[in-house]
Amino acid sequence: ADRSQARLLQALPDDTTLVEVETLEHPEGRLRDHELVSDAPGMSVGPGYRQGSATQKGSPGEHEAQRFAQRLARRLNELRTDNAIARLYLIAEPHFLGLLRAEIDEDTRRLVAGEVHRRLVTEPLPELRAALPAQL
């Protein structure tokens, strides 16, 4: 996964083949900060206000990455509660992996058998498989 896409893969019983079962898209994750906001930060001036910009904490891009991490974590939780996953390997670019890790609930976190801190979301399935342990 990364901030704009997540591919959910399943290992076949032979443990050597992965198949893609679902893709989640978040096109806003591809946009630059200035494309995500409609205007510059506002100014607050007047009695009781100090002059300065009224800004939100974090960049608009970071906010979108956080939103997608929450969405992906909810989907993983749904799959867990449906007994669709028994073991989970997370492959994501390092920053997004940190965001995702913070959003995954405790029960789903217990299923995480390993993590790969690399951006491989656009790589072919054999490349993804090579990044995982021999025995899944």
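Before reading further, recall that the structure is shown in the block above.
All values derive from a computational prediction rather than experimental measurement. (Residues numbered from 1 in each chain as written. Predicted model: local features only at pLDDT ≥ 70, side-chain atom pairs only at ≥ 80, totals over all residues. Heavy atoms only, no water.)

**A closer look at the side chain of Asp2**
The following threshold applies: For helices the rule is a DSSP run of H or I covering at least 4 residues; for strands it is a run of E covering at least 2, with both sets numbered from the N terminus onward. Polar contact criterion, stated in full: a pair of N or O atoms within 3.5 Å, where within protein one must be able to donate a hydrogen and the other to accept it, and residues adjacent in sequence count only if both atoms are side-chain atoms. Note on definitions: a residue-residue contact is assigned when non-hydrogen atoms from the two residues lie within 4.5 Å.
Structurally, the position occupied by Asp2 is in the segment before strand 1 (5-11). Among the polar contacts listed, one links the side chain of Asp2 to the backbone nitrogen of Ser4, at a separation of 2.9 Å. Side-chain polar atoms of Asp2 contact the side chain of Arg119, separated by 2.8 Å. Ignoring sequence-local partners within four residues, the contact set of Asp2 consists of Phe68, Glu93, Phe96, Arg119 and Val121.

**Quick word on the environment of His95**
Condition: Exposure classes here rest on a 1.4 Å probe applied to the protein chains alone. A residue is buried below 20% of its type maximum, exposed above 50%, and partly exposed in between.
Relative to the assigned elements, His95 resides in helix 3 (residues 94-103). You can call His95 partly exposed: its relative accessible area is 39%. Excluding residues within four positions of it along the chain, His95 makes contact with Arg3 and Glu62.

**Some points on the side chain of Arg129**
In this structure, Arg129 sits in helix 5 (residues 125-130). Within the structure, the side chain of Arg129 is placed 2.7 Å from the backbone oxygen of Ala134, a separation counted as a polar contact.

**Quick look at the layout of surface pockets**
We count it as follows: With a 1 Å grid laid over protein atoms only, a set of points is called a cavity when a 1.4 Å probe fits there but cannot get out and a pocket when it is open yet has protein on both sides within 12 Å along at least five of seven lines; lining residues have an atom within 4 Å of a point. Grid points are joined across faces, edges and corners, and a volume is the space filled by probe spheres set on the points. In this classification, the charged set is Asp, Glu, Lys and Arg, the nonpolar set is Ala, Val, Leu, Ile, Met, Phe, Trp, Tyr, Cys and Pro, and all remaining amino acids, among them Gly, are polar.
Its volume calculated, the largest pocket comes out at about 730 Å³. Lining of the largest pocket is provided by 28 residues; of these, Leu9, Gln10, Arg87, Leu88 and Tyr89 occupy positions nearest its centre. Elements with a contribution of two residues or more to the lining of the largest pocket: strand 1, strand 2 (18-25), helix 2 (60-81) and strand 5 (88-91). Looking at the lining of the largest pocket element by element, the count peaks at 6 residues for strand 1. Residue composition of the lining of the largest pocket, by class: 24 nonpolar, 1 polar and 3 charged.

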